[in-house]
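Residue strings, one per chain:
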Amino acid sequence: MQHFLPGPPDAGLEHFAAFAVMGIAFALGAPRRTLFIAIMMIASAVALESLQLLTSGRNGRVLDAFVKAAGGVCGVGVGRVGTQVWWARVDRIKNTLKSQRPGTSA
């Protein structure tokens with residue numbers, strides 16, 4: 001009979017999540033630079049894995065770079081959608097308030 005003990009989460013999931021959070025943060029901080037941020041997420045993932053090849057005892061892998069880049073791009077996408085939803089709500093509230101002012105027509 002096998003016992004399944006909880007272990008540490010997969011490193012790929014941690015790296016995906018870390019880059020996703022970073023992508024969200026950058027996308028929220030600079031919403032007009034979405035493409036640039038996505039490219040920088042990919043470049044930073046490739047650079048980090050490439051730099052590991054220069055360090056003894058570390059190995060840079062293409063799969064790790066792909067996981068990090070995918071996390072970053074997904075985070076940028078979530079941040080971009082979040083800003084679009086936010087500003088759509090703000091515009092809807094503004095229009096509602098404007099139409100409720102006396103002396104204005106909708």
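In the block above lies the structure referred to throughout.
Calculation criteria
Residues numbered from 1 in each chain as written. Predicted model: local features only at pLDDT ≥ 70, side-chain atom pairs only at ≥ 80, totals over all residues. Heavy atoms only, no water. Helix = DSSP H or I, 4+ residues; strand = E, 2+ residues; numbered from the N terminus. Buried < 20%, exposed > 50% of the residue type's maximum accessible area, 1.4 Å probe, protein only. Contact = heavy atoms within 4.5 Å. Areas by Shrake-Rupley, 256 points an atom, 1.4 Å probe, with all protein chains shown as cover. Salt bridge = Lys/Arg side-chain N within 4 Å of Asp/Glu carboxyl O. Axes fitted to C-alpha atoms, helices over the stretch in contact; angles between N-to-C directions. Left-handed = near helix turned anticlockwise from the far one by under 90°. Nonpolar A, V, L, I, M, F, W, Y, C, P; charged D, E, K, R; others polar. Expected span 1.5 Å × (residues − 1). Core = buried A, V, L, I, M, F, W, Y, C linked by side-chain atoms within 4.5 Å.

For the rest of this paragraph, the subject is the overall build of the protein. Across its full length, the protein carries three helices and zero strands. The order of helices and strands in the protein, counted from the N terminus, is α-α-α. Among the 106 residues that make up the protein, the fraction classed as buried is 20%. Taking contacts inside the protein between residues at least 6 apart in sequence as the whole, the part at least 24 apart equals 63%. Of the accessible surface of the protein, which amounts to about 8200 Å², a share of 67% is contributed by carbon and sulfur atoms.

Another point: the pattern of salt bridges. Taken as a whole, this structure holds two salt bridges when the rule is applied. With a closest N to O distance of 2.6 Å, lysine 68 and glutamate 49 form a salt bridge. One end of the pair, lysine 68, is in helix α3 (residues 62–100); the other, glutamate 49, is in helix α2 (residues 34–52), and 19 residues separate them in sequence. Across the pair, exposure class does not vary: lysine 68 and glutamate 49 are buried alike. A salt bridge links arginine 61 to aspartate 64; the nearest nitrogen and oxygen atoms lie 3.2 Å apart. With a relative accessible area of 45%, arginine 61 lands in the partly exposed category.

Let's shift gears to the side chain of glutamine 52. Relative to the helices and strands, glutamine 52 resides in helix α2. Excluding residues within four positions of it along the chain, glutamine 52 makes contact with Arg58, Asn59, Gly60 and Lys68.

Between helix α1 (residues 11–29) and α3, whose axes approach to 6 Å, the crossing angle comes to 35°. Crossing of α1 over α3 shows right-handed handedness. Contacts from Gly12, His15, Phe16, Phe19, Ala20, Gly23, Ile24, Ala27 and Leu28 of α1 reach α3 at Val67, Lys68, Ala70, Gly71, Gly72, Cys74, Gly75, Val76, Val78, Gly79, Arg80 and Thr83. Across the contact of α1 with α3, the residue classes break down as eleven nonpolar, eight polar and two charged.

Two quantities define a packed helix pair, namely the angle between the axes and the distance from one axis to the other. Between α1 and α2, the shortest axis-to-axis distance is 10 Å and the interhelical angle comes to 150°. Where α1 crosses over α2, the handedness of that crossing is right-handed. Contact residues: α1 offers Phe19, Met22, Gly23, Phe26 and Ala27, while α2 offers Ile37, Met41, Ser44, Ala45 and Leu48.

The next point concerns α3. Helix length check: α3, at 39 residues, gives a terminal C-alpha distance of 57 Å against a target of 57 Å (1.5 Å per residue), a fit within 8%. Among the residues of α3, Asp64, Ala65, Lys68, Ala69, Gly71, Gly72, Gly75, Val76, Gly79, Thr83 and Val90 are the ones counted as buried.

Here we take up the nonpolar core. Listed in full, the eight residues of the largest apolar core are Phe19, Ala27, Ile37, Ala38, Met41, Ala45, Ala69 and Val76. The set of elements that each furnish at least two residues to this core consists of α1, α2 and α3. Among the elements that make up this core, the one with the highest residue count is α2 (four residues). If we ignore the near neighbours within four places in the chain, the residues touching valine 76 are Gly23, Ile24, Ala27, Thr34, Ile37, Ala38 and Met41.

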